[in-house]
Structures are given as C-alpha cells and as structure tokens.
Amino acid sequence: MVVFDTPQAAFGALRPACVQLTRAQTVENVRRLQAHLAAVSGAALQELQEYVLFPLRFALRVPGPKQERLVQSLVQCISSVLAATCVRKRELLQELFSELCTCLAPPPSSGKAAPLSEELKLAVIQALHTLMHSAYGDVVLSLYQPSTLPLLGFAVSLLLGLAEQEKAKQIKISALECLQVLVLQCDCQEHRHLDEEEAQQCGDLFASFLPGISITLSRVISGDIKQGHKTTVSAIRLFYLIVGSVMSDAQLARVPKSKEKLAVEQSRISELMVHRGPDWSKSTAQKLSLLLHKVVESSSVHPHWKVRLELVELVHHLLRNCSQSLVDSFSHLLKALVGLVNDESSEVQSRCNEVLRGIAEQRIVAQNRALADVLSENLHSLATALPRLMNSQDDAGKVSTLSLLLGYLKLLGPKINIVLNSVSHLQRLCKALVQVLELDVTDVKIVEERRWGPPGSWQQGVRRGGRQKKYFRFFAEEKVFQLLQQVCRVLGYYGNLYLLVDHFMGLYSESGLYRKQAAMVLNELVMGAAGLGVDVLQEREVPPSMEDLKASVTSVLDEYTDQANWYLITSIDTEEASPEQSVQRSGLVARPGGLCSSVLLPSPEPQVTTRSMNSNIWQICIQLEGVGCFAAVLGKEFRLLLLSALYPVLEKAGDRTLLISETALGTLADICEACSYDSVQCLINENSDYLVNGISLNLRQLAHQSHAAQVLDTMLRHSDASLLPLVEDVIQDVLSALDQSYNNQASTFLRVLHSVMTALVQWCGMCSAEEHQQGQTAREQSRAQSQGQREVTVTRQEVERFFLDYVRQKRIAEGDAPDTGEEEEADEVPPLAGTEPNNGDPDGEAPLPIHAQLARDVMERCIHLLSDGSLRVRLKV
Amino acid sequence: MALPPPDPQFVLRGTSAAIHTLHFSCAGQEPEIPVLFSGSENGFIHVWNLQTHRVDTALDGHGGKSVCCVETVGGKDRLLSQGRDQRICLWDLAEGRAAVTDSVFTGHVGFCRCSLVKVAQGRWLVATAAKGLEEVEVLELPSKTSVCTLKPEVGAKLGMPMCLKLWQLSCGSQPLLLAGYEDGSVVLWNVTMGKALSQLVCHQEPVMSLDFDSEKAKGISGSSEKVLRIWSLNEQQNLQVYKTQELVNAGISDITIRPDKKIVATAGWDHRIRIFGWRKLKPLAVLDYHTATVHCVSFSDHRKARETLLAAGSKDHRISVWSIYSQM
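Quick caveat: nothing in here was measured; it's all calculated off a predicted structure.

**Looking at the overall build of chain A**
Then comes step 1: In terms of regular secondary structure, chain A is built from 44 helices and 0 strands.
Then comes step 2: Per-residue burial for chain A yields a buried fraction of 55% across its 877 residues.
Then comes step 3: A fraction of 78% describes how many contacts in chain A between residues 6 or more apart in sequence connect residues 24 or more apart.
Then comes step 4: Looking at chain A as shown, the accessible area adds up to about 37,200 Å², and 53% of this sits on carbon and sulfur atoms.

**Section: the packing of aromatic side chains**
For any two aromatic rings, the description comes down to two numbers: the centre-to-centre distance and the angle of the planes.
Residues and elements named next belong to chain A.
Then comes step 1: For the structure shown, the criterion picks out 8 aromatic pairs over all chains.
Then comes step 2: For the ring pair phenylalanine 11 and tyrosine 51, a centre distance of 5.1 Å and an interplane angle of 55° mean the geometry is tilted. In this pair, phenylalanine 11 is assigned in helix H1 (residues 7-23) and tyrosine 51 in helix H4 (residues 49-61), connecting sequence segments 40 residues apart.
Then comes step 3: Looking at phenylalanine 11, the relative accessible area reads 31%, which means it is partly exposed.
Then comes step 4: Between tyrosine 560 and phenylalanine 630 the ring centres are 5.9 Å apart and the planes differ by 25°, which places this aromatic pair in the stacked class. Here tyrosine 560, found in helix H29 (residues 546-560), pairs with phenylalanine 630, found in helix H33 (residues 610-634); they are 70 residues apart in sequence, far enough to count as distant. With respect to class, tyrosine 560 is no different from phenylalanine 630; both count as buried.
Then comes step 5: Across from the ring centre of tyrosine 677, 4.2 Å away, lies the NZ or CZ of arginine 639, which sits over that ring.

**Section: unusual backbone geometry**
Residues and elements named next belong to chain B.
Then comes step 1: Residue proline 142 is bonded to the preceding leucine 141 through a cis peptide linkage, with omega at 5°.
Then comes step 2: Checked against the element boundaries, proline 142 lands in the loop between strand E12 (136-141) and strand E13 (146-150).
Then comes step 3: The phi dihedral of glutamine 86 falls on the positive side, at around 65°, and the residue is not glycine.
Then comes step 4: With respect to the helices and strands, the residue glutamine 86 is situated in the loop between strand E7 (78-83) and strand E8 (87-92).
Then comes step 5: A positive phi angle, near 60°, is found at glutamine 237, a position not held by glycine.
Then comes step 6: Position of glutamine 237 relative to the elements: it lies in the loop between strand E20 (227-233) and strand E21 (239-246).

**Brief notes about the sheet that holds strand E3 (residues 35-40) of chain B**
Residues and elements named next belong to chain B.
Then comes step 1: Taking strand neighbours across the sheet as the criterion, the 4 strands line up as E2-E3-E4-E5 in an open arrangement whose pairing is antiparallel. Since the sheet does not close on itself, it has two edges, and those belong to strand E2 (19-25) and strand E5 (54-60), each with one partner. Pairs of neighbouring strands in the sheet enclose a mean axial angle of 20°, with direction left out of account.
Then comes step 2: Pairing of strand E4 (residues 44-49) with E5, which is carried by 6 bridges, proceeds in the antiparallel orientation. Directly across from phenylalanine 44, in E5, lies its bridge partner aspartate 60.

**Looking at the pattern of salt bridges**
Residue and element names in this part refer to chain B.
Then comes step 1: On inspection of all chains with the given rule, the structure shows 18 salt bridges over all chains.
Then comes step 2: Residues lysine 216 and aspartate 213 are paired through a salt bridge, measuring 3.7 Å at the closest nitrogen-oxygen approach.
Then comes step 3: A relative accessible area of 36% places lysine 216 in the partly exposed class.
Then comes step 4: Residue aspartate 213 is classed as buried on the basis of its relative accessible area, which comes to 0%.
Then comes step 5: The shortest N-O distance in the salt bridge between aspartate 288 and arginine 272 comes to 3.7 Å. Of this pair, aspartate 288 sits in strand E25 (residues 283-288) while arginine 272 is found in strand E24 (residues 272-277), placing the two residues 16 residues apart along the sequence.
Then comes step 6: Relative accessible area serves as the criterion here: at 32%, aspartate 288 is assigned to the partly exposed category.
Then comes step 7: For arginine 272, a relative accessible area of 29% translates into the label partly exposed.

**Some thoughts on the sheet that holds strand E17 (residues 195-201) of chain B**
Residue and element names in this part refer to chain B.
Then comes step 1: Read from one edge to the other, the open sheet built from 4 strands follows the order E14-E15-E16-E17, with strand pairing classed as antiparallel. With one partner strand each, in any of the chains shown, strand E14 (161-168) and E17 form the two edges of the open sheet. Sheet twist, expressed as the average angle between the axes of neighbouring strands with direction ignored, equals 20°.
Then comes step 2: As judged from the 6 bridges shared by strand E16 (residues 185-190) and E17, these two strands associate in the antiparallel manner. The partner of valine 187 across the bridge, within E17, is glutamine 199.

**Description of the side chain of B:Ser298**
Then comes step 1: Relative to the elements of secondary structure, B:Ser298 occurs in strand E26 (residues 294-299).
Then comes step 2: Every residue in contact with B:Ser298, bar those within four places of it in the chain, is listed here: B:Leu22, B:His23, B:Phe24, B:Thr256, B:Leu309, B:Leu310 and B:Ala311.

**Some words on the packing of helix H34 (residues 638-653) of chain A against helix H35 (residues 658-674) of chain A**
Residues and elements named next belong to chain A.
Then comes step 1: Where H34 meets H35, the closest approach of the two axes is 9 Å, and the angle between their N-to-C directions is 155°. In terms of orientation, H34 and H35 fall into the roughly antiparallel class. Along this stretch, H34 crosses H35, giving a crossing that reads as left-handed. Every residue of H35 that contacts H34 at Phe638, Leu642, Leu646, Val649, Leu650, Lys652 and Ala653 is listed here: Ile660, Ser661, Ala664, Leu665, Thr667, Leu668 and Ile671.
Then comes step 2: Residues that form the contact of H34 with H35 fall into these classes: 11 nonpolar, 2 polar and 1 charged.

**Structural notes on helix H2 (residues 27-38) of chain A**
Side chains three or four residues apart in an α-helix point the same way, a direct result of the helix having 3.6 residues per turn.
Residues and elements named next belong to chain A.
Then comes step 1: Taking 1.5 Å as the rise per residue, H2 with 12 residues should run 16 Å; its terminal C-alpha atoms sit 17 Å apart, in good agreement.
Then comes step 2: Of all the positions in H2, only Val27, Asn29, Val30, Leu33 and Leu37 are classed as buried. For H2, the angular spread of the buried residues around the axis is 165°, confining them to a single face.
Then comes step 3: Buried residues in H2 make contact with H1, helix H3 (42-47), H4 and helix H5 (68-84).

**As for the side chain of B:Gln82**
Then comes step 1: As for its placement among the helices and strands, B:Gln82 is situated in strand E7.
Then comes step 2: Excluding residues within four positions of it along the chain, B:Gln82 makes contact with B:His62, B:Ser66, B:Val67, B:Cys68, B:Cys69, B:Arg87, B:Ile88, B:Cys112, B:Arg113, B:Cys114 and B:Thr128.

**Some words on the nonpolar core**
Then comes step 1: With 251 residues, the main nonpolar core has A:Phe97, A:Tyr144, A:Phe504 and A:Phe638 as its most contacted residues.
Then comes step 2: Ranked by residues supplied to this core, first place goes to H33(A) with 12 residues.
Then comes step 3: Both domains that furnish three or more residues to this core are identified here as domain 1 (194-256 + 273-361) and domain 2 (684-766 + 849-876) of chain A.
Then comes step 4: Not counting residues within four places of it along the chain, the set of residues in contact with A:Phe638 comprises A:Leu557, A:Val627, A:Phe630, A:Ala631, A:Ala645, A:Ile671 and A:Cys675.
Then comes step 5: Among the nonpolar cores identified, the runner-up in size contains 19 residues, and B:Val119, B:Leu177, B:Val187 and B:Trp189 belong to it.

**Quick look at the packing of H29(A) against H34(A)**
Residue and element names in this part refer to chain A.
Then comes step 1: In contact at an axis separation of 11 Å, H29 and H34 are set at 15° when each is read in the N-to-C sense. Between H29 and H34, the crossing angle belongs to the class labelled roughly parallel. Handedness of the crossing formed by H29 with H34: right-handed. Contact residues: Lys550, Val553, Thr554 and Leu557 in H29; Phe638, Leu640, Leu641, Ser644 and Ala645 in H34.

**Focus on the pairing of strand E18 (residues 207-213) of chain B**
Then comes step 1: Counting buried positions along E18(B) gives 6 out of 7 residues, so the element sits mostly inside the fold.
Then comes step 2: Taking the residues that link successive antiparallel strands as the turn, the E18(B)-strand E19 (residues 218-223) of chain B hairpin has 4 residues, and the phi of B:Ala217 there is positive, at about 55°.

Procedures and definitions
- Residues numbered from 1 in each chain as written.
- Chains lettered and ligands numbered in written order.
- Predicted model: local features only at pLDDT ≥ 70, side-chain atom pairs only at ≥ 80, totals over all residues.
- Heavy atoms only, no water.
- Helix = DSSP H or I, 4+ residues; strand = E, 2+ residues; numbered from the N terminus.
- Buried < 20%, exposed > 50% of the residue type's maximum accessible area, 1.4 Å probe, protein only.
- Contact = heavy atoms within 4.5 Å.
- Areas by Shrake-Rupley, 256 points an atom, 1.4 Å probe, with all protein chains shown as cover.
- Phe/Tyr/Trp six-rings, centres within 6.5 Å; stacked < 30°, edge-to-face > 60°.
- Lys NZ or Arg CZ within 6 Å of the ring centre and 35° of its normal.
- Pairing = 2+ DSSP bridges.
- Axes fitted to C-alpha atoms, helices over the stretch in contact; angles between N-to-C directions.
- Salt bridge = Lys/Arg side-chain N within 4 Å of Asp/Glu carboxyl O.
- Parallel < 35°, antiparallel > 145°, perpendicular 65-115°, else oblique.
- Left-handed = near helix turned anticlockwise from the far one by under 90°.
- Nonpolar A, V, L, I, M, F, W, Y, C, P; charged D, E, K, R; others polar.
- Expected span 1.5 Å × (residues − 1).
- Arc of directions from axis to C-beta.
- Core = buried A, V, L, I, M, F, W, Y, C linked by side-chain atoms within 4.5 Å.
- Domains from an automatic or database assignment.

Here is the structure:
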C-alpha cells in the first residue's frame, strides 16, 4: 500500500473522500475516508488535521436524527485521526470535546441517558480518551479554566452515569479510565507534569465535582461483586486519585483565605466554583469519612485480592497526600491497612508491609500529632475490647485482632511514648495484655511430674533456648502467642523502658493473679528493648544504652530472685515443703535461733491447692526464662550479674519438679550461650566461686539450707576436679551446718554428701594407678554410704570389714604414716559399724523418726569422717 | 528485739593462705572499678575486683613471706606493701603493670605494720619499726630519705613497737606518731623533733592495734586482753585514759575507725568482727562468719558513704565483705 508522506500527496489522496463525505454523510463515505487515512503518514496528517476533521465534525453537527451506525463510525474515524495527530489549538480541543460529549448526551427532552447502543458509547468514550491524549499539555489545560467548568461537569456526569448504570463491563471500565484521564490523573507517562499552580487550579475545579464523583464511585465500589474486580479496582483508583488531589494537604495549605473574585461576566460560573477553605475541607472530610468507611468496609473483604491490593494503595495514597485533611478517616484506613497485613494473598501482604514500612519511614505518624492521636485512640479502644474479643472470638479472629494491635503499635513507632505517658492508655494496654496472657493452671500433671533421683542424662537434656510450652486460658494457637510476644517486644522496642518496666513491676507486685503474666510481659519487653526478635517498621531514634538495659534488668532480676517470689510452694512433699513453708510462715526473717520450732511444731497447713502449686511452678518457670532472656539481652555483660543470678538458677535446676528443673537447665544453656561459655560445665566451673559464696551464705540460714544443698548437688554434678579447693572449703561449711542441725536437714545433706563422694570418685578416676586405688576406696565408701542410706541388707560383718579395709587402704595410701586424725578415726570405726545396721529408717528421702535420731547422729559423724578422710586422701596425692 | 546479725555481702575466697592485711581503693570515678588489696601469709598481694568479686592480679614481691601491710600511695596504681621479708616495696600497677619499682629494707623482724601519711602533694611519710629493737624510723617517700629515728629513753623498757599510727591534725601541720608498744603503753611522738610527747600505759599485754580520730582527739587500742581502751589527747598533748570497754572474748588483732568517724570495727581472735558506735562505744553488732581468727578489718573509701563496705580478712583464708551502712 502506498504511503503518502508529504502533505501535498496526502491532500491529493484524502481530498476526494472528504468532499464526498461532506456531500453525503453515509457510513460508506466515512469508511472510505478512514481507509485513505490509514495510508497517510502521521506527519502529513498533522498538517491536514483540521481539513480532515472538518467533514467529520460537520457530519456530526448536521441537525436532525442520525443513524447510530453513522455516528459511531464518525466518532471512530475522529478517534483514529486524533490518535495519529496532536491537537494544537484550544478552540479545536474545546469544540471537539463538547461535540463528542453531545453524542452521549440524552435528547434534551427525555432527561434520561440516551438509549444509545453500547458500541456507540464505547466509541465515544474511547474518542474522548484519545482526544485527551492527543492534546498538547498547555492546550489541555485550556479545558480546565473556570469558564469551561460547565462543559467539564457535563462530561464528568455523563461518564459517571455510564460507569454507574451501564451493564457492560467494558464500558464501565472505559468510562472510569476516561474519567481518570479527565481529572488529569492518567496512569500513562505521556502527560506533562503539572506544576503547583496548575495543579492547584485543577484542584479548585475538581472540588466542584468531588461530591458527585465520590458518592457515585463509592456506590460503584460497594456495588455488586458481579461487576467484576476490574471495575472495582478502577473505581477505587479513581476515587483515591481524585480525593487525593482535591484534598491534598499541599493544595489546601495554599488555598487563599477568601474566595477569588472573578470577572463579572463569569459570575454565574463563579457560583459553581467551590472555595476550598477550612470550613469546606472540614465538612468535606466528614462526608468523605463516611464514604471511605463504606469503601473500606466493602473492599477489605472483597474476594478478589486485586481489590484488596488497590485498597492498600488507596490508604497509601491518601495517607501520603491527605494526612492532615482526612485525619478523621484514618482510623478506618489504618485499621484496614493493619488488618490486611495478614492477608491470605502474599502480594497484598507484602505490599501492605511495604506501605506500612513506608509510612513509618517517612515518619508520617511520628510527625503528625493528629494522626498519632487517632492511632492512640484506636489503640485505646482496641485495648479496652481486647480481653472481651479474646474471650469470644475464634482463633482466626484473635489473630486478626492481635495483628491489628501489633500494627497500631508498629505504626505509632516512637510515638508510643506519647500514648504510654497517658496513664489511662498505659493501664488499659497493660491490663489487656495481662488479662489475655492468663495461663491455664489446671493441669495436675505439672505438679505431679517429678524428677526422681539424680538423672544421669542431664548434659544431654539441656536444650538451647527452648521455652516451655505454655497453656493459656484464652487461646491455644501458637500464632496468637507469637503475636502477643511481638506486641510486647515492639512495646519494649519503642517504649520508654523504665516506664514500662516500672509499670509491669507494679502489676507484678500488685497481685498474685497478674504476677505470671506481668513477668512474661517483662521478659518480652526487655527482649524487645534490646532489639532482639523484633520485627519493626522503623528504627528507633535512640536505642537504649547498655547502662539503661542493665539497670532495668538488674531491678527486674532482683525482684524475681527475691525470696518471696523465688521460694514458692511447688509440692507438698513433706521433706521439701517444710523448709519452704517455714520461709513463708516466718515471713522473710531468717530465724537462726529457732532450729526446731519450724519443724517440730505441727505447721498449720496453708491452703495449698494443686492450682496454686501449678501457678507457682509456672511463675518460677517464667522467671527462669526471664533470666535466660536477660542473659541474651546483655550478652557478656551478664557475666557481672551471674554473681546474683547463677545461684538461684542452679538452685532451681536441682528442683524436684520436672518442669522447673528443665526450664532452669534451659536457662543455664541460654546463659552459657549469651555469656559465651562453651558448656554448662564451663559456666559452673568458671563461676564456682560465686556459687560457693552463695552456698556458704545460705547454709547459714536454716530455711535455705536445703536449697544450698541442692545447688551444691547440682554444682558437683556439673563440674570437675579443678573445683576441689573451693569444694573443700564449702564442704566444711556443709559439715558445720550439719553439726548444727542434725534433726531436720540431715537427709538433704546426706544426699549432697553422697554426690560429693560420687564426684570425688569421678574426679579421682582420671588419675594415676595409685589414685585409682583410692578411687576404688572412695567408690566403696560411697557405695557403702548409699547402701547405708537405702537400707540394703548390710550385715554388721560387712560394714565392719569395709571400714577396716578402708582404714588399711588409707594407711597404705599415706605411706604408713598415720597422723592422729586417722587414729581417732580408726578408734571410732567399731562403734560406728556397730550402730549402723540398727539404723531405723535412714532413707534419704523420708522424714526422720525421732527414735532413730541418735543413730543418725552417729552416722552423720561417720559420714563427716568419711568425706573428710577422703578429701584428705585426695589432697595428699 | 534486735535484728539478727547480717550475712556478709560477699565472701572472697581463693587466696589459699591466711589474710593479714586489707586495703580498699574505691574512691575513683565511675568507670574505674573499685578494688580491694589483700596481703596474705604466703607473700601474695591479691587485687580483688569488687565488681566481679574476683582476683584481677596476684602480686608476688615478698618472697613467700607474709605480707603484713598494704597501702595505696596516691591512686590505686601506686601501692606500698610491707612484708615479713623485712622490706617495704613500692609497686607500679598502672596500665596492667605489676612491678616493684622500689624497695626499702627495714630490718625489722616483728609484725608491726607501717603507717603512711600524706604530708604534701606527692610527698608521703611512712613510719615503720626499725632494725633497732625499740626504734621506729620515719621515712619520706618517694625519696626514701630517713626523716628521723624515734628511740625511747634509755631504760624505758617499752619493748618492740607493735602498731603505729602516723597522723597530722591538718595538711601541712606537724606530723605526729602514735605507737603502741610491747609493754602495753601507747606513746605519742613528735616526728619532726624526734621526741616523745606523752606516754600512757593502756594495757598489761602488748598493744595489738590502735586507731586514732584526730578530729575528736580520741584513740582506741586493743591488746590480747579482754578490754578495749579509749584514750584522749588533751591540748597539752597528754594522753589520758577516757574509757574502757570490756569484751566477752579476749584478743583484738585489728581496730579501724570508719572514715566518717561514726563506728569502729574490731577484728577478734574469737573469729568475730565487732562493731561499736564510736562516740559512746555502744556495741552495735557482732558479725559472725569466720571460722578462725580475724586478722584485719578495713573500711572502704567510697565517695558515697552509703556504699561504704567493711572487709575482714581471716586466718581461714577468706575475706568477708559486709555492707553495714544501712544497719548502722
């Protein structure tokens, strides 16, 4: 096909067709013209633009009824001309615009939309679309003068009518797209960017249409789902674009105080113009808030993900552009946004996160007091409703409620402190958290599960950083707990740590009901404050210094390990419970003088229910986990705190309740990791001086002797021979303590001494041949001792032989140079051996019958000598 | 009813020898870690970090002979130690060094601890029992020049000096020396003139320890007897017995008045530390922890009075650290 490049050639080709069309307006003639047009190059056609358009426009303007097909083909032809050329004249643009609009216009009489065919409508819409794109930038702007307002309004209302009432999806979408172009918000890149002045002007104009557009669009958006997601998406897009431009903070800020006076002849038009003053923007914002609420409500649950995605965009756009003018609507918008964070579609999720992060990064919230107020208001009401919601909703509902809460906190970011500084907010939030985190303490198994005897597999049983699975009253799903955890951590991350810690410490000490939860929250707060395991949208301005962290941790730790909070009744074993109960009964005052009173007097049985014991167990576990958290937070700095923390933890590691001892071991592992010790053994070895100190001090107090013994027990299990000098030191303390209180603590001490022996055997076992022999001795001793304790049938002869054997071996070991100490010992052996078999019931676990006490005393001395002797043996080598 | 006696705040272990002397250095500013120096029977001086409660460094400068006195000269980086090897050593501990920079041979074979006083910026006087049996020598540091030798009058029969306390009323005034002797008398010496100003027989047995409060012009001394003697110094520089405090168990090895002059601590042979109010010598507490004779007691020089600690070193190889401010 021949292409006409020059205007002359093109003119020659097009002229006959144009002339013919002018004469007879038929579809065929239009077709012919269009066919010729296809052969003309763009440049040539540009020259002939008006010439070609003339017959087409003429045909449209011919009065009288016209064939629809003709109009359609005319419009299509115009559209194709415009697509290839540019409109350079303002008049042409305006005329074409109005002519095209007229095609859609209903007959003046009917007042209803013209009963035109869908094809025609589509053609006209597309022609308008093309027209807007073919016009030069400044030419287009000529359309946006106050004088053309009626014309624009006409077009807008037509298009809106189409978008709302048409059935065909294609028309709806095209109309919406066309509108988008019309309000100068087209997606394509070809358009000239408006400068501020122009944008302001357009904004003024569009303000007049805003009510119409927004109402119609909101109807479209919340319309039937069957209209297809594309329509909804374009409607949402158009909605936020127009609202975003008219209500833009930047523009509103520049609106002059009083309405500009227009020329007299334009007075009628000026009545149509809207002045975007403060009053107007306020009332518009109120109305828009209603519409937005409607839009958000319908589209946030829209089944198609693209709609939800577009909603995210809407929130993003409006938040970015209208953060001041539309403040009232933000509670809805943010709620929607935050709620969509956990959308099922990953696209929506990621975009949502992105937007949230963007919002946070731009510090829109942080710098905008009003927005922060809205958020804190939302937070407050959510916190108020939280316990109720958690009680009534299903798991999915709980998850969404909590992610909403989390989202608010994340959005508030550093502004959280403003919220927290308000007492009522802080209290609400804290109470909500504490109530939601209530544990289920009805499980009897936890109380019953005990660690019987010394387990050999402690080293293997140590899990790293593991937490005990908790059972909550209000929820079962792990996800819910994770969210709550995040909530606490984010709070700790942004919030004033001192304030929060202080408040939760208050709750902690306020009531036993809150204690566990408060401790749990505290643990997470501190984790969050250190930035561990938090997922946040924006960085803090000032991360808390190590000093602050340390100060907080130290205060919490002190509270945790306070006697009243650390020594709780966890079992009703008579052996263990009695000293603990005596601690409780005698308050916190140590009673060095009253040796027997606490035990011999029948202690008034306090109301110990399974439930309360379970609760106590959990509290101890949570506190232990807290210690682990603190270690993780402080890292190597925690080494300094080991002085006070290690002893209590180790004490709990020796606890009889399985859960507690497991948790304590977990905590030990945490501490090892945080303070970069290789193993628990390493940890204990390197800090044995602290432990020994704790043991020796606690041995001085009757009530804590059994705990001290437990620690020593644990320590011995986990350490090696390098500890011997220290251990020797502390054994002396143990023995002297033993001398002072045979009656009540003896069984505990016996166990410890037994483990001392076992440890010695192990340590000696590594040594040379001669030592090996002594190791044998020691082993025999310990075996004999344990036999004595367990009341295996030990005959008098056996015991006697053993002791004699022992003394003989010892003399060999000492090179036949026995000192006076051994002599004494040897002297004592026969009576010892004599009494042992008569020993009533020296079972390690059982309470001691009074009639057996004498025998027990003697045995004590025997053990005293045994351990002393073996130590001396060990040291002499 | 009185509160039960407190437990030690902490017990420092690991010297593996009896502790004979203790000295705190806690007056440093914040980042500086408070330390406690301890001198033990095996000749080691341990530097305890009071934050970790562990030994930072162990100094060995007296050839395995018992260390009987440790003092800081100025900051905590300059240390003076006196040992039974008849030497006084000066240490430089700055920047992790641990070297003896200087030493003086005293020739004294007894247990008498030396006494140090700062007379001017960078100038100290140290009084130490000298080679001659009854003599006390005063040296200037860091020049090590002998200022004077204090010899009792011929025929005084005081015996060996047992304990010394060098002091001055205010900075720049004449330094005075209080010395407790083997025969139980306390003598006040004028160091510049080398003359005994006053003599008071306080005890029947050797004076084991004394301390003096220059503000109230009152001193306290203990011996192996069951009494504490408080004496005062009048304007004519005469020593007079002021009060006698009876004890339950005999034998006092060390006496220290707290820097704020409110309380006195004594280290007893009965394994106990006793605390008295200084004004009326009202018994306040008996701190019972050690399982052997307590050799020395020392108060810390914390800037904040509330943080002040009391440390006691004992024959049982342990150093107990007590916080008694809140109770007193």
